[in-house]
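# Inside the fold
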Amino acid sequence: MSKKSKKRHIKIIKENHKKIEDHKKIEDHKKIEDHKKIEVEQIKLTRLHEIIVLAILFLIAFFVRMLTYSSIFVGNNIRFLEFDPFYHMRRAVSFAENFPHIWNFDTYIDFPNGNVVGWPPLYDWTIALISNIIGLGHPSRHLIETIGVYFPVFLGSLSVVAVYFLSKEIFIGDKKGQNWEIGVISGLLLAVIPAFTQVSFLGFVDHHVAEVLLSTTIYLFLLKALKAEYFRDRVILLFIAGFVLILAIFTWPGTPIFIGIIYIYAIIQSVVDKKYK
């Protein structure tokens, strides 16, 4: 075989090798793209399943809390459960009729001297805010009372969703989205547990249900911040947790206990980290 023929033969072999390599690259790229598409579809399906599960949990919690309906709506009248809700509604009606102004001194407490109201105004003011939005600035007494009795129902149902995400975050496992079943079980337990349903029944217009929702949300975003990979994400999540903490302070005077729990966790975690490093 002449030198010319050898060179041509080697050139053809190289060209064939290059074609095979290019074909492999194209095939590998197609496989990667197909794999990505499958992953995207699986994520979409997982999110759809999660939305359905959360909707079911929310509806279960909602309907359980509606069991007092016949006791609350009697004819054209609206009744409230126990005693504290009557005072909350008194403030909510007053705030709604004088929106956005609030008062924190009540002449009817220790009458005729009057006294400072014992709890922050945000819970009652939120009822007044929603009433003014729906009532276009002129809500009727019946509308304010209706929103007031439904308010704990919605907060209680949202608490179930918050507990789902918090539980899933705590028991997340090695893969993202793992152990979502624990989130479902936790949310379902909170949806029906008597100790919590009692303070979130229709007609129980009191701030206790807000304490659960706000504290759970604080711990959820705090935990997410601790697990965040990037500094920017951590700052945003901590800012949200801090903002919810401010809302809690204006809702319940016992909110500092939430901060105390965070401090206790930080101390225990630092001791554990030092011991096992």
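Above this text sits the structure in question.
For clarity, every value in this text was computed on a predicted model and none was experimentally measured.

Further remarks concern the overall build of the chain. The secondary structure content of the chain amounts to 10 helices and four strands. Going from the N terminus to the C terminus, the chain shows its helices and strands as α-α-β-β-α-β-β-α-α-α-α-α-α-α. Counting only residues that meet the buried cut, the chain has 35% of its 277 residues in that class. Counted over contacts in the chain with a minimum sequence separation of 6, partners at least 24 positions apart contribute 69%. Surface exposure of the chain reaches about 18300 Å², of which carbon and sulfur atoms provide 67%.

Here the focus is the packing of helix α8 (residues 208-227) against helix α10 (residues 256-276). Where α8 contacts α10, the two axes come as close as 11 Å, and the packing angle between them is 30°. As judged from the angle between their axes, α8 and α10 are roughly parallel. The two elements α8 and α10 cross, and the hand of that crossing is right-handed. Between α8 and α10, the contacting residues are E211, S215, I218, Y219, L222 and L226 on the first element and F258, I261, I262 and Y265 on the second. Of the residues assigned to the contact of α8 with α10, the class counts are eight nonpolar, one polar and one charged.

On to the packing of aromatic side chains, then. For any two aromatic rings, the description comes down to two numbers: the centre-to-centre distance and the angle of the planes. Applying the stated criterion across every chain, the model contains 13 aromatic pairs. Seen from their ring centres, F62 and F63 are 6.0 Å apart, and the 90° between their planes marks the pair as edge-to-face. A ring pair is formed by Y108 and F111, whose centres lie 6.3 Å apart and whose planes are at 20°; its orientation type is stacked. In this structure, Y108 and F111 share a single accessibility class: exposed.

A separate point is a nonpolar patch on the surface. A surface patch of nonpolar side chains, about 480 Å² in accessible area, is lined by L48, I52, I56, I60, L188 and V192. Those elements that place two or more of their residues in the nonpolar patch are α1 (3-65) and α6 (180-192). No other element matches the four residues that α1 contributes to the nonpolar patch. Of note, I56 is situated in helix α1.

Once that is clear, we can look at the pattern of salt bridges. Per the counting criterion, the structure on display carries six salt bridges. One salt bridge in this structure joins E50 and K168, with 2.5 Å as the shortest N-O distance. One end of the pair, E50, is in helix α1; the other, K168, is in helix α5 (residues 141-170), with 118 residues separating them in the sequence. Classification of K168 by relative accessible area gives buried; the value is 15%. One salt bridge in this structure joins R91 and D124, with 2.9 Å as the shortest N-O distance. In this pair, R91 is assigned in helix α3 (residues 84-97) and D124 in helix α4 (residues 122-134), connecting sequence segments 33 residues apart. Each member of the pair, R91 as well as D124, is classed as buried.

What follows covers α4. Taking 1.5 Å of rise per residue, the 13 residues of α4 would be expected to cover 18 Å, and the 18 Å separating its terminal C-alpha atoms lies within 8% of that figure. Within α4 the residues assigned to the buried category are Y123, D124, I127, A128, S131 and N132. Buried residues in α4 make contact with α3, α5 and α8.

Within the fold, S200 resides in the loop between α7 (194-197) and α8. At a separation of 2.8 Å, a polar atom in the side chain of S200 contacts the main-chain carbonyl oxygen of F196. Those residues in contact with S200 that lie beyond four places of it in its chain are R65, P152, V153, G156 and V209.

What counts, and at which threshold
- Residues numbered from 1 in each chain as written.
- Predicted model: local features only at pLDDT ≥ 70, side-chain atom pairs only at ≥ 80, totals over all residues.
- Heavy atoms only, no water.
- Helix = DSSP H or I, 4+ residues; strand = E, 2+ residues; numbered from the N terminus.
- Buried < 20%, exposed > 50% of the residue type's maximum accessible area, 1.4 Å probe, protein only.
- Contact = heavy atoms within 4.5 Å.
- Areas by Shrake-Rupley, 256 points an atom, 1.4 Å probe, with all protein chains shown as cover.
- Axes fitted to C-alpha atoms, helices over the stretch in contact; angles between N-to-C directions.
- Parallel < 35°, antiparallel > 145°, perpendicular 65-115°, else oblique.
- Left-handed = near helix turned anticlockwise from the far one by under 90°.
- Nonpolar A, V, L, I, M, F, W, Y, C, P; charged D, E, K, R; others polar.
- Phe/Tyr/Trp six-rings, centres within 6.5 Å; stacked < 30°, edge-to-face > 60°.
- Patch = residues over 30% accessible without salt bridge, like charges linked within 9 Å, V, L, I, M, F, W, Y side chains within 5 Å.
- Salt bridge = Lys/Arg side-chain N within 4 Å of Asp/Glu carboxyl O.
- Expected span 1.5 Å × (residues − 1).
- Polar contact = N/O pair within 3.5 Å; in protein donor to acceptor, adjacent residues only side chain to side chain.

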